[in-house]
Amino acid sequence: SDASVKSLFKYSHLVYGVIAIFLYVGVEVGIPGTLNFYLTDTLGTANAATTAGFVAGTYWFLMLIGRFVSSFISGKVSSRTQLSVTSAVAVALVVCAMFSTGVQASMPVFTGSGFGMAQVPLTAVLLVLCGLCTSVMWGTIFNLSVEGLGKQSALASGLFMTMVVGGGVLPLVQGALADATSYMTSYWVIVAALVYILWFALAGSKVKKA
C-alpha cells in the first residue's frame, strides 16, 4: 500500500541507497556503452566497430568474474568495505582513463569464443577494468540500504527494481554531454555518480536510529 511505501522513506539510508542504485545502473550501462562509440570513432581500422564491440563486451565478462569472486569473499569482507573500495578504485580508473587517451596499449579481448589481443587506447583498458568494480555494487548497495528494515525489506526490494530506469536516464545525460563536448568529457557524469556511491558507502548508508 501507499502508506507502507511512504513508511520506507523515514529510513534515510534506504532513500540514499535508492538514489545510489539509480546511479549505479546508469554507470553500469554508461561506461561500456560510451566506450563502444568512442572506440568505433577513434580506432580508425576497417574492423573498428567489431573490435569496439569485443572490448565493450569484455567489460561485461569482467563483471561476471567480479561477481564470482565477490561470492567467495562476501562472508569475510563487509558490504561497506567492498563498496567503499570498489567505488574509490572505479573513480580512479575513470579519471585516469579520461586523461590517457593518447597512450596505446594492447589487451586481451573476449571475442565470444575465446580471447584475442587488440591494440586499443589505454583509456579502453582502464574503463573495461571498471567491470570488476561495478560487479559487486548492486548487491552491496542493496545490503546496506535494507539494513535494519526487517519485514519491510521485501517492499524495499520492489522499490529497488524500479530504479533500473537509471540505466536509461544516465546514459542519455552522458550521451548529450558527449555530443556537446567530447566522449571523454562525458565521463564526468560517471565520476559524479561513482563519487556519490562512494559517499553512500562511507556515510550515507549508516543506519540512523529512529
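This report concerns the structure included in the present document.

Reading the values: the criteria
Residues numbered from 1 in each chain as written. Predicted model: local features only at pLDDT ≥ 70, side-chain atom pairs only at ≥ 80, totals over all residues. Heavy atoms only, no water. Helix = DSSP H or I, 4+ residues; strand = E, 2+ residues; numbered from the N terminus. Rg over C-alpha atoms; globule rule 2.2 N^0.38 Å. Buried < 20%, exposed > 50% of the residue type's maximum accessible area, 1.4 Å probe, protein only. Contact = heavy atoms within 4.5 Å. Areas by Shrake-Rupley, 256 points an atom, 1.4 Å probe, with all protein chains shown as cover. 1 Å grid on protein atoms, 1.4 Å probe; cavity = no way out; pocket = protein on both sides within 12 Å on 5 of 7 lines; lining within 4 Å. Points joined across faces, edges and corners; volume = space filled by probe spheres on them. Nonpolar A, V, L, I, M, F, W, Y, C, P; charged D, E, K, R; others polar. Expected span 1.5 Å × (residues − 1). Bend = angle between axes of the 7 residues up to and from the residue. Core = buried A, V, L, I, M, F, W, Y, C linked by side-chain atoms within 4.5 Å. Patch = residues over 30% accessible without salt bridge, like charges linked within 9 Å, V, L, I, M, F, W, Y side chains within 5 Å. Salt bridge = Lys/Arg side-chain N within 4 Å of Asp/Glu carboxyl O. Pairing = 2+ DSSP bridges. Axes fitted to C-alpha atoms, helices over the stretch in contact; angles between N-to-C directions. Parallel < 35°, antiparallel > 145°, perpendicular 65-115°, else oblique. Left-handed = near helix turned anticlockwise from the far one by under 90°.

1. What about the overall build of the chain?
Counting its regular elements, the chain contains 9 helices and 2 strands. Element order for the chain, N to C, with α for helix and β for strand: α-α-α-α-β-β-α-α-α-α-α. Over its C-alpha trace the chain gives a radius of gyration of 18 Å, about what one expects of a compact globule, namely 17 Å for 210 residues. Taking all 210 residues of the chain together, 45% fall into the buried category. Contacts spanning at least 24 positions in sequence make up 76% of the contacts within the chain whose residues lie at least 6 apart. On the chain, roughly 9800 Å² of surface is accessible, and the fraction owed to carbon and sulfur atoms is 70%.

2. Thoughts on the layout of surface pockets
The volume enclosed by the largest pocket comes to roughly 190 Å³. What lines the largest pocket is a set of 14 residues, among which Thr86, Leu132, Cys133, Ser135 and Val136 lie closest to the centre. Within the residue set of the lining of the largest pocket, elements represented by two or more residues are α3 (48-73), α4 (79-98) and α5 (122-134). A per-class count over the lining of the largest pocket returns 9 nonpolar, 5 polar and no charged.

3. A word on helix α2 (residues 12-42)
Compared with an ideal rise of 1.5 Å per residue, which puts 31 residues at 45 Å, α2 spans 44 Å between its outermost C-alpha atoms and is within 8% of the ideal. At Gly30, α2 is bent by approximately 30°, the largest bend along its length, and proline Pro32 sits one to four residues beyond. Downstream of α2 by one or two residues, Gly44 has phi in the positive range, about 65°.

4. With respect to the nonpolar core
Ile31, Leu35, Val55, Val94, Met137, Ile141 and Tyr187 are the most contacted members of the largest nonpolar core, which totals 61 residues. Broken down by element, this core gets its largest block of residues, 12 residues, from α2. Setting aside residues up to four positions removed in sequence, Ile31 forms contacts with Tyr59, Val94, Leu127, Cys130, Tyr187 and Ile190.

5. Structural notes on a nonpolar patch on the surface
A surface patch of nonpolar side chains, amounting to about 600 Å² of accessible area, comprises Ile65, Phe68, Val69, Phe72, Ile73, Leu129 and Leu132. Broken down by secondary-structure element, the contributors of at least two residues to the nonpolar patch are α3 and α5. In terms of residue count, α3 provides more of the nonpolar patch than any other element does, 5 residues in total. Considering the arrangement of structural elements, one finds Phe72 in helix α3. Residue classification places Phe72 among the exposed positions, given a relative accessible area of 54%.

6. Examining the pairing of strand β1 (residues 104-110)
A regular strand places its side chains on the two faces of the sheet in alternate fashion. Burial along β1 is one-sided: the face carrying Ala105, Met107 and Val109 is buried and the face carrying Gln104, Ser106, Pro108 and Phe110 is not. One ladder, built from 7 bridges, connects β1 with strand β2 (residues 115-121); its direction is antiparallel. In the strand pairing of β2, Pro108 is matched with Met117.

7. Here's the deal with the environment of Ala118
When you line up the elements, Ala118 lands in strand β2. For the pair Ala118 and Leu177, spaced 59 residues apart in sequence, the C-alpha separation works out to 28 Å. Setting aside chain neighbours within four positions, we find Ala118 in contact with Thr51, Ala105, Ser106, Met107 and Val109.

8. Structural notes on the packing of α4 against helix α9 (residues 187-204)
Two packed helices can be described by the angle between their axes and the distance between those axes. In the contact formed by α4 and α9, the axes pass within 9 Å of each other and the chain directions differ by 160°. Classified by the angle between their axes, α4 and α9 sit roughly antiparallel to one another. In the crossing of α4 with α9, the sense of the turn from one axis to the other is left-handed. For the pair α4 and α9, contact is made by Arg80, Leu83, Ser84, Ser87, Ala88, Ala90, Val91, Val94, Val95 and Met98 and by Tyr187, Trp188, Ile190, Val191, Leu194, Val195, Ile197, Leu198, Phe200, Ala201 and Leu202, respectively. Looking at side-chain class alone, the contact of α4 with α9 contains 18 nonpolar, 2 polar and 1 charged residues.

9. Here we look at the side chain of Ser100
Topologically, Ser100 is positioned in the loop between α4 and β1. When neighbours within four sequence positions are excluded, Ser100 is seen to be in contact with Leu122, Thr123 and Leu126.

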